[in-house]
Each structure stands twice: as C-alpha cells, then as structure tokens.
Amino acid sequence: MKTDDLSGALQRVAQFADERSGAIRMKLEKNEIKVSSSSTETGESEDSIETKYDSDPIAIGFNSQYLLDFLKVSNGGEVKLEFKDGQSAGQMRPDDAKDDFKYRYIVMPMRI
C-alpha cells in the first residue's frame, strides 16, 4: 500500500480521534482498509483505502500518532502491514526492494 495514501487517511481520521488516546480503528476487509475514529467532543470520521487483502476481516485499534511516526520515516513508496488478529501486535515494514536498510516497526494494539 502506498505510504502517502495511508498517511493521508490517518491524518484526516486522527483529527476526530480522542485527544488523549489518539485512538483509531482499522478494519481490514476484502481489498480495502477502513480507518475510523470517533470522539464525543469532535464527532466521527471514516476513510477507506484500496489495497490487496484477501484474508478474514480484522478490526484492530491503534494510537494514530504511532502509525504516523512510522510513515514519516519510511521514505515514501510502499509499506506492508502485517496483523495476526485484533488483539496481537502489528508489524509494519517498508516494502522497497532497493532500500539497503531493512527494519520492522512493531506497534501494540489498543482496545477501543
């Protein structure tokens, strides 16, 4: 998935997230990721991104700032998101074959 697409969706949705927790929900469905957030003070927001995904649907919550921090340093291009289920840590990696520096970003989920 393109870094800019995911970053843009997260930034738009994070504006409506709870100010203290920054919690957003990611729902992975067939060929789509839906990113949403809600707050009693600011309302709610949802954005969707087309992506390759053909496994069982998963809903998982994260602190939006942690995801945005990874995307800021991932040099644009493509990123891979890897999730086992809605309660386990997620793994994010740059999906750039020409990058000499390989790394993983592990982020713990939140209960929403």
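Quick note: structure is the one above.
Here is a short report on the structure shown in this document. Along each chain, the written sequence defines residue order, and numbers are assigned to residues from 1. Local features in this predicted model are restricted to residues whose pLDDT is 70 or higher, and side-chain atom pairs enter the listing and the counts only when it is 80 or higher, whereas totals over whole chains, interfaces and linings include all residues. To obtain the side-chain values, all non-hydrogen atoms of the structure were included, while hydrogens and water were left out.

### Quick word on the overall build of the protein chain
Here comes step 1: Under the DSSP-based scheme used, a helix requires at least four consecutive residues in state H or I and a strand at least two consecutive residues in state E, with every element numbered from the N terminus. Across its full length, the protein chain carries 2 helices and 7 strands.
Here comes step 2: Going from the N terminus to the C terminus, the protein chain shows its helices and strands as α-β-β-β-β-α-β-β-β.
Here comes step 3: In this treatment the radius of gyration is a C-alpha quantity, and the globule benchmark scales as 2.2 Å times the residue count to the 0.38 power. The C-alpha radius of gyration computed for the protein chain amounts to 13 Å, which stays within 12% of the reference 13 Å derived for 112 residues, consistent with globular compactness.
Here comes step 4: Counting only C-alpha atoms and orienting by the principal axes, one finds that the protein chain spans roughly 45 × 30 × 25 Å.

### A closer look at the packing of aromatic side chains
Here comes step 1: When two rings of Phe, Tyr or Trp (its six-membered ring) have centres within 6.5 Å they constitute a pair, described as stacked for plane angles under 30 degrees, edge-to-face for angles over 60, and tilted for the intermediate range. If you walk through the whole model with that rule in mind, you get 3 aromatic pairs.
Here comes step 2: Considering the side-chain rings of F62 and F83, the 5.7 Å spacing of their centres and the 35° angle between planes classify their relative orientation as tilted. Taken together, the residues F62 in strand β4 (residues 58–63) and F83 in the loop between β5 (79–82) and β6 (90–94) connect sequence positions 21 residues apart. Here the two residues F62 and F83 agree in accessibility, since each one is buried.
Here comes step 3: Pairing F70 with Y103 gives two aromatic rings, centres 6.4 Å apart and planes at 65°, and the pair type is edge-to-face. Taken as a pair, F70 in helix α2 (residues 64–72) and Y103 in the loop between β6 and β7 (105–107) lie far apart in primary sequence, 33 residues in all.
Here comes step 4: The buried label goes to any residue with under 20% of its type's maximum accessible area, the exposed label to any with over 50%, and the partly exposed label to all in between, with areas taken from a 1.4 Å probe on protein chains only. Exposure remark for F70: the relative accessible area of 1% places this residue in the buried category.
Here comes step 5: The rings of F70, Y103 and Y105 are connected pair by pair, giving a single aromatic cluster.

### Examining the nonpolar core
Here comes step 1: Here, the term nonpolar core denotes a set of buried Ala, Val, Leu, Ile, Met, Phe, Trp, Tyr and Cys residues that are joined through side-chain atoms within 4.5 Å. Grouped together as the largest cluster of nonpolar side chains are 24 residues, with contacts concentrated most on L6, L10, I24, M26 and L67.
Here comes step 2: Elements supplying a minimum of two residues to this core: α1 (3–14), β1 (23–29), β2 (32–39), β4 and α2.

### Brief notes about the sheet that holds β4
Here comes step 1: If DSSP finds at least two bridges between two strands, the strands pair. The 4 strands lie next to each other as β3-β2-β1-β4, forming an open sheet whose pairing is antiparallel. Both outer strands of the open sheet, β3 (43–50) and β4, are each paired with one neighbouring strand and no more. This sheet shows a mean twist of 20° between the axes of neighbouring strands, independent of strand direction.
Here comes step 2: Contacts between residues were defined by any pair of non-hydrogen atoms, one from each residue, lying within 4.5 Å. With axes taken as lines fitted to C-alpha atoms, and helix axes fitted only over the stretch in contact, angles between N-to-C directions fall between 0 and 180 degrees. Helix-sheet contacts for α1 involve β1, β2 and β3, and the interaxial angle to β3 is about 170°.
Here comes step 3: Taken strand by strand, α2 contacts β1 and β4, and its axis lies near 85° from that of β4.

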